[in-house]
Amino acid sequence: MLIGNFFGHLKTVLGHRHKVFIHCCKAGIIWRGLTHDLSKFSPTEFIPGVKYYQGSRSPNEMERETIGFSKAWMHHKGRNRHHFEYWSDYNTDTKLLEPVRMPDVFIYEMFCDRVAASKIYNKKKYNDSMPLEYFMRGKNRRNVDQETSDMLEKLLVMLAEKGEDETFKYIRSAKKNKKNA
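Residues numbered from 1 in each chain as written. Predicted model: local features only at pLDDT ≥ 70, side-chain atom pairs only at ≥ 80, totals over all residues. Heavy atoms only, no water.

## Some remarks on the layout of surface pockets
Link 1 in the chain: As a volume, the largest pocket reaches approximately 1400 Å³.
Link 2 in the chain: Lining the largest pocket are 44 residues; nearest its centre among them are Ser58, Glu61, Trp73, His83 and Tyr134.
Link 3 in the chain: Of all the secondary structure elements, the ones that give two or more residues to the lining of the largest pocket are α1 (2-27), α3 (43-51), α4 (59-67), α5 (71-77), β2 (97-99), α6 (104-122) and α7 (130-138).
Link 4 in the chain: Here the second largest pocket defines a volume of roughly 190 Å³.
Link 5 in the chain: Taken together, Gly8, Lys11, Thr12, Gly15, Lys19, Tyr53, Gly55, Lys119, Ile120 and Lys123 form the lining of the second largest pocket. (1 Å grid on protein atoms, 1.4 Å probe; cavity = no way out; pocket = protein on both sides within 12 Å on 5 of 7 lines; lining within 4 Å. Points joined across faces, edges and corners; volume = space filled by probe spheres on them. Helix = DSSP H or I, 4+ residues; strand = E, 2+ residues; numbered from the N terminus.)

## With respect to the packing of aromatic side chains
Link 1 in the chain: Following the criterion strictly, the structure yields five aromatic pairs and no others.
Link 2 in the chain: Where tryptophan 87 meets phenylalanine 106, the ring centres are 5.9 Å apart and the plane angle is 35 degrees; that geometry is what we call tilted. Placement of the pair is tryptophan 87 in the loop between α5 and β1 (88-90) and phenylalanine 106 in helix α6, with a sequence separation of 19 residues.
Link 3 in the chain: By relative accessible area, which is 17% here, tryptophan 87 ends up buried.
Link 4 in the chain: Counting every residue linked through ring pairs, the aromatic cluster contains Phe6, Phe7 and Phe46. (Phe/Tyr/Trp six-rings, centres within 6.5 Å; stacked < 30°, edge-to-face > 60°. Buried < 20%, exposed > 50% of the residue type's maximum accessible area, 1.4 Å probe, protein only.)

Here it is in structure tokens:
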């Protein structure tokens, strides 16, 4: 079983990274695609990934259910800037840990990541509204900067309504316009 989990998890991680890379290329952020989720190959993330692998959802969920939290996720979110959980800091006025706005490039990578994850876990059942549906199910529980959340939601709505080609075209255009501003 452990051998099956090893190869199943490896296939999932590699398949996910491949899809994210393709999406990042379409979005014009090739470097983000090349470097995406490299921490998943560290022992801290890969070993629990194998141990808690199920194939239909993130192993981090099973790790949480088993030990009460996910060591792999704690490691992952602290090293990957395309996760909004990375973007929190102490507010100098309130002295509280609060979300801060993500730079656009990481929001674009987060979009690519979410679309790829939906494709990996839903396989042939995937459709372009699934990433938005997943986002909306957890929207009220997330502690994320409002502008960041709004921008990601805008991209996910665009994907659901207009498809990948239009959404990636929009991202490339927004990136170009920001660079020229």
